[in-house]
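Now for the letters of each chain:
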Amino acid sequence: MPADLAHIRQVMAEADCLYTNEQLEAAIHQVAQSINAELAERNPVVFCVMNGGLIFAGKLLPQLDFPLELSYLHATRYRNETTGGELFWKAKPEISFMDRDVLIIDDILDEGHTLAAISDFCKHAGARQVHTVVLIDKTHDRKARPDLKADYVGLPCVDRYIFGYGMDYKGYWRNAPGIYAVKGL
Ligand SMILES: O=P(O)(O)OC[C@H]1O[C@H](OP(=O)(O)OP(=O)(O)O)[C@H](O)[C@@H]1O
Ligand code: HPA
């Protein structure tokens, strides 16, 4: 069914801005410094988790100052909805990471099923160590595992449905230049 563009535009017009582009760029810079300090000698394989990780990865990677190999994977469980379901692999990693450090870049750690499944997949497939970085860690008590955390986090966010900076609302507004919460969600 075609999207109701009037609704999509209204969602943007009524959304609350949680983080501006400037705040996000400052957070990404901090994260990059931490990763530079800790992974510089690890020669990692870096995976951008599509689609949501695209903008964050694009802004983070040029600030990493050490040798790395870049690839992508695509696992999704929201599929243009605002609640998550079963994890579906659209593209598994193609580059070999056997006995290599892996860095997973994603936009958001929400319930964490996605990051946990990707990390487990990489460990079982022979990664030496799996590191994770997310731009946003949503604050609530519904994490897939109680101790589930990313190794590097840009910013926390309230327990609302958010979009922008790679994250979508019904497939739209990944291009929004900040992070916004949908009115009423
Ligand atoms: O922590 P979780 O509750 O598992 O949710 C986080 C995941 O959900 C989103 O992906 P989505 O399934 O929407 O796929 P997409 O990036 O292709 O939109 C987001 O990009 C994360 O990968
Ligand atoms: O709040 C969210 N917004 C967009 N995508 C998401 N994937 C998990 N949580 C979210």
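Procedures and definitions
Every chain begins its residue count from 1, and numbering advances along the sequence as written. Key to labels: chains lettered from A, ligands numbered from 1, both in the order written. Residues qualify for local features only when their pLDDT is at least 70, as the model is predicted, and side-chain atom pairs are given and counted only at 80 or more; totals for whole chains, interfaces and linings, by contrast, use all residues. Working from all heavy atoms in the structure, the side-chain values ignore hydrogens and water. Should DSSP find at least two bridges between two strands, the strands are taken to pair. Labels follow the DSSP assignment, with helices taken as runs of H or I lasting at least four residues and strands as runs of E lasting at least two, numbered in each case from the N terminus. Orientation is described by axes fitted as lines to C-alpha atoms, over the contacting stretch for helices, and by angles from 0 to 180 degrees between their N-to-C directions. Two residues form a contact once any of their heavy atoms are found within 4.5 Å. Working definition: with a 1.4 Å probe on protein chains only, accessible area under 20% of the residue-type maximum means buried, over 50% means exposed, and in between means partly exposed. Take the buried Ala, Val, Leu, Ile, Met, Phe, Trp, Tyr and Cys residues and link them wherever side-chain atoms come within 4.5 Å; each set so joined is a nonpolar core. UniProt positions are given in the numbering used here, feature names are shortened, and annotations may be inferred rather than shown by experiment. Any pair of N or O atoms that falls within 3.5 Å is considered a polar contact. Within protein, one atom must be able to donate a hydrogen and the other to accept it, and sequence-neighbouring residues count only if both atoms are side-chain atoms.

- With an unreviewed UniProt entry as reference, the chain is termed Hypoxanthine-guanine phosphoribosyltransferase, source organism Serpens gallinarum.

1. Regarding the sheet that holds strand S5 (residues 101-109)
In step 1: Spatially, S4-S3-S2-S5-S6-S7 is the arrangement adopted by the six strands of the open sheet, whose pairing is mixed. Among the strands making up the open sheet, the edge pair consists of strand S4 (88-91) and strand S7 (152-157). Across this sheet, the average inter-strand angle for adjacent strands is 25°, counted without regard to direction.
In step 2: Across four bridges, strand S2 (residues 45-50) lies against S5 in parallel orientation. Counterpart to Val-46 in the pairing with S5 is Leu-103.
In step 3: Contacting S5, strand S6 (129-138) and S7, helix H2 (residues 21-39) crosses the sheet at an angle of about 150° to S7.
In step 4: Where helix H4 (residues 113-124) meets the sheet, it contacts S2, strand S3 (69-76), S4, S5 and S6, and its direction lies at approximately 170° from that of S5.

2. Notes on the side chain of Thr-76
In step 1: Mapped onto the elements of the fold, Thr-76 is located in strand S3.
In step 2: On the basis of relative accessibility, which here comes to 13%, the residue Thr-76 falls in the buried class.
In step 3: Apart from residues no more than four positions distant in its own chain, Thr-76 is found in contact with Glu-86, Leu-87, Phe-88 and Lys-90.

3. Side note on the nonpolar core
In step 1: Ile-35, Leu-60, Ile-105, Val-133, Ile-136 and Ile-179 are the most contacted members of the largest nonpolar core, which has 30 residues in total.
In step 2: Once residues lying within four places of it in the same chain are set aside, the contact partners of Leu-60 are Ile-28, Val-31, Ala-32, Ile-35, Ile-105 and Val-133.

4. Focus: the sheet that holds strand S1 (residues 16-19)
In step 1: Here we have three strands laid out as an open sheet, ordered S1-S9-S8, and antiparallel in their pairing. Of all the strands in the sheet, just S1 and strand S8 (162-163) have a single pairing partner and so form its edges.
In step 2: Relative to strand S9 (residues 179-181), S1 runs antiparallel, the two sharing three bridges. In the strand pairing of S9, Cys-17 is matched with Tyr-180.

5. A look at unusual backbone geometry
In step 1: Of note, the bond from Met-50 into Asn-51 is cis; its omega dihedral lies within 30 degrees of zero at -10°.
In step 2: Positionally, Asn-51 belongs in the loop between S2 and helix H3 (54-60).
In step 3: Phi at Asn-43 is positive, roughly 45°, even though this residue is not glycine.
In step 4: Here Asn-43 shows up in the loop between H2 and S2.

6. A word on the UniProt feature "domain: Phosphoribosyltransferase" (unreviewed entry) in the chain
In step 1: On the UniProt side, "domain: Phosphoribosyltransferase" (unreviewed entry) is annotated at positions that read residues 17-169 here.
In step 2: Secondary structure content for residues 17-169 is 25% helix and 31% strand, and the end C-alpha separation is 14 Å.

7. Examining the side chain of Asn-36
In step 1: Tracing the chain through its elements places Asn-36 in helix H2.
In step 2: Within polar-contact distance, the side chain of Asn-36 engages the backbone nitrogen of Asp-65 at 3.0 Å.
In step 3: Not counting residues up to four positions away in its chain, the partners in contact with Asn-36 are Gln-63, Leu-64, Asp-65 and Phe-66.

8. Topic: the environment of Leu-115
In step 1: Here Leu-115 is to be found in helix H4.
In step 2: Using a relative accessible area of 6% as the deciding quantity, one classes Leu-115 as buried.
In step 3: On a C-alpha basis, the gap between Leu-115 and Ala-150 in space is 8.3 Å, while along the polypeptide they are 35 residues apart.
In step 4: Not counting residues within four places of it along the chain, the set of residues in contact with Leu-115 comprises Ile-104, Asp-106, Leu-109, Thr-132, Val-134 and Ala-150.

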